[in-house]
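These are the residues of each chain, in order.
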Amino acid sequence: MKYDKPLYISTVILVFINMAFCMSYTHLSSQTISDDKKWNFLADAYLMFPYMNGEVSLGESITYPVDATAGDIFNKLQMGAMLYFEAKTEKWAITSDMVYMNLTQDVSPTTLIPSGSVGAKQFIWEAAGMYRIFSYWEIGIGGRLNYLQTNIDAQRNVILPAGTEEVKDSYSKTWFDPVIITRLSTDIKDKWLFQFRGDVGGFGIGSDLTWQLQAYAGYRFTQVFQLSAGYRVLSTDFKSGDDQKEFRFNVKEFGPVLRLGFNF
């Protein structure tokens, strides 16, 4: 598989940012949280092997369909890198989730667009707080800060003169999506771990609609190390601008995830 240099650089930056956040938060908690409220911490470094499905529009009322099949994942898409941190008590949980994805995918040929490619560099930082209602069920609220840079390089059919013309365009945007979260989790003898998480948000404040589903199963080898695998789906329907300047990113990014966790 071919990886790009900016992906590695961005991943390293994200790792150091989240490590600094984790250490600062741990130090603050040790000074401010009373002894009768024990805090536990989890740091997850994980990788997603993403697919893409949806459409991207960059003005001129032209929509570029995007569809990545299972075979495309290794030769068309770059790997996404993610870092997750969680601090929790028996009742409360505070989470931080950073995601970087660099995706490139050929557009699905249409009568208007016979060929081309769409690239998306996406950075997401989500912070959330959750409250445990039952031993297995939590609800919460949070927000996702999104940065998206989209590039299109395609051929477009024209009638006069008959033939094709090259279309190149790019767009970048930063926005915030509030989200409502629910999470179900359980374990078997504190060894086998199971978790399902879902959220929905946007509500026109940022995206028109964004939603996410995650499901994982894992095993805790020691009190410190755990390994889990699962699947993640992130859907974003974002629109900005009007008429000829309208930009729309309506894409689902989904795929298997492998996580390596550290408890402390």
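Scroll up to find the structure this text is about.
All residue numbers here refer to positions counted from 1 along the written sequence of the relevant chain. Reporting in this predicted model follows two pLDDT cut-offs: at least 70 for local features of residues, and 80 or more for side-chain atom pairs to be given and counted; totals over whole chains, interfaces and linings ignore these cut-offs and use all residues. Only hydrogens and water are set aside; all other atoms, that is, all heavy atoms of the structure, feed into the side-chain values.

Novice: Lay out the overall build of the chain with the relevant residues and their values.
Specialist: Each helix is a run of DSSP H or I of at least 4 residues and each strand a run of E of at least 2, with the numbering of both proceeding from the N terminus. Each helix and strand in the chain was counted, giving two helices and twelve strands. Reading the chain from its N terminus to its C terminus gives the helix and strand order α-β-β-β-α-β-β-β-β-β-β-β-β-β. Type-normalised accessible area, obtained with a 1.4 Å probe on protein chains alone, sets the label of each residue: buried when under 20%, exposed when over 50%, and partly exposed for intermediate values. Taking all 264 residues of the chain together, 43% fall into the buried category. By definition, residues are in contact when any of their heavy atoms lie within 4.5 Å. Nonlocal contacts in the chain, meaning residues at least 24 apart in sequence, comprise 63% of its contacts between residues at least 6 apart.

Novice: I'd love a proper account of the environment of Tyr-171, names of residues and values included.
Specialist: In this structure, Tyr-171 sits in strand E8 (residues 163-188). Relative accessible area serves as the criterion here: at 22%, Tyr-171 is assigned to the partly exposed category. For Tyr-171, the residues in contact, after removing those within four places along its chain, are Leu-58, Leu-148, Gln-149, Thr-150, Ser-240 and Phe-247. Counting of polar contacts relies on pairs of N or O atoms within 3.5 Å, with two restrictions inside protein: one atom must be capable of donating a hydrogen and the other of accepting it, and residues adjacent in sequence are counted only when both atoms are side-chain atoms. At a separation of 3.4 Å, a polar atom in the side chain of Tyr-171 contacts the side chain of Ser-240.

Novice: So, the side chain of Asp-97: which residues are in play, and what are the values?
Specialist: Here Asp-97 lies in strand E5 (residues 92-106). On the accessibility criterion, Asp-97 (5% relative accessible area) is buried. Within the local environment of Asp-97, its side chain forms a polar contact with the side chain of Arg-232, the two groups lying 3.2 Å apart. Residues in contact with Asp-97, not counting those within four places in the same chain, are Tyr-46, Leu-83, Tyr-84, Ile-124, Trp-125, Glu-126 and Arg-232.

Novice: Before we move on, can you summarise the side chain of Arg-220 with the specific residues and values?
Specialist: For Arg-220, the location among the structural elements is in strand E10 (residues 209-220). Only 2.6 Å separates the side chain of Arg-220 from the side chain of Asp-190, close enough to count as a polar contact. If we skip the residues at most four places from it in the chain, Arg-220 touches Asp-190, Lys-191, Leu-193, Phe-225, Gln-226 and Asn-263.

Novice: Can you lay out the packing of aromatic side chains for me, pointing to particular residues and giving the numbers?
Specialist: The criterion for an aromatic pair is that two Phe, Tyr or Trp rings (for Trp, the six-membered ring) have centres within 6.5 Å, with stacked assigned to planes under 30 degrees apart, edge-to-face to planes over 60 apart and tilted to the rest. Tallied over the full model, the rule gives 13 aromatic pairs. Ring centres 5.5 Å apart and planes at 15° place the aromatic pair Phe-41 and Phe-264 in the stacked group. Taken together, the positions of Phe-41 in strand E1 (residues 40-48) and Phe-264 in the segment after strand E12 (247-263) put the pair 223 residues apart, joining distant regions of the chain. Using a relative accessible area of 8% as the deciding quantity, one classes Phe-41 as buried. Residue Phe-264 is classed as partly exposed on the basis of its relative accessible area of 48%.

Novice: Give a detailed account of the pattern of salt bridges, specifying residues and quantitative values.
Specialist: Two side chains that carry opposite charge are able to pair once their charged atoms sit near each other. The working definition used for a salt bridge is a side-chain nitrogen of Lys or Arg within 4 Å of a carboxyl oxygen of Asp or Glu. Per the counting criterion, the structure on display carries eleven salt bridges. One salt bridge connects Asp-97 with Arg-232, and the closest N-O pair in it is separated by 3.2 Å. Linking Asp-97 in strand E5 with Arg-232 in strand E11 (residues 225-240), this pair joins segments that are 135 residues apart in sequence. The pair formed by Asp-97 and Arg-232 is uniform in burial state, with each residue classed as buried. The salt bridge partner of Arg-183 is Glu-138, with a shortest N-O separation of 2.9 Å. Separated by 45 residues along the polypeptide, Arg-183 in strand E8 and Glu-138 in strand E7 (residues 137-158) bring together distant segments of the chain. The exposure class of Arg-183 is buried, given its relative accessible area of 3%. Taken together, the shared-partner salt bridges in this structure form one network comprising Glu-86, Arg-132, Glu-138 and Arg-183.

Novice: Can you tell me about the pairing of E12, naming the residues and giving the values?
Specialist: The pairing of E1 with E12 spans seven bridges and is antiparallel. If you follow Ala-43 over to E12, its bridge partner there is Phe-262. Direction of pairing for strand E2 (residues 51-58) relative to E12: antiparallel, over a ladder of eight bridges. Its bridge partner lying in E12, Leu-58 is registered against Phe-247. In this description, strands pair whenever DSSP reports at least two bridges between them. Note: E11 against E12, 16 bridges, orientation antiparallel. The partner of Leu-234 across the bridge, within E12, is Glu-253.

Novice: Lay out unusual backbone geometry in plain terms, naming residues and giving numbers.
Specialist: In this model, Lys-189 sits at a positive phi of 55°, which is unusual for a non-glycine residue. Tracing the sequence through the fold places Lys-189 in the loop between E8 and strand E9 (192-201). Judged by relative accessible area, which is 78%, Lys-189 ranks as exposed. At Phe-203, a residue that is not glycine, the phi angle is positive and equals roughly 55°. When its relative accessible area of 48% is taken as the criterion, Phe-203 is described as partly exposed.

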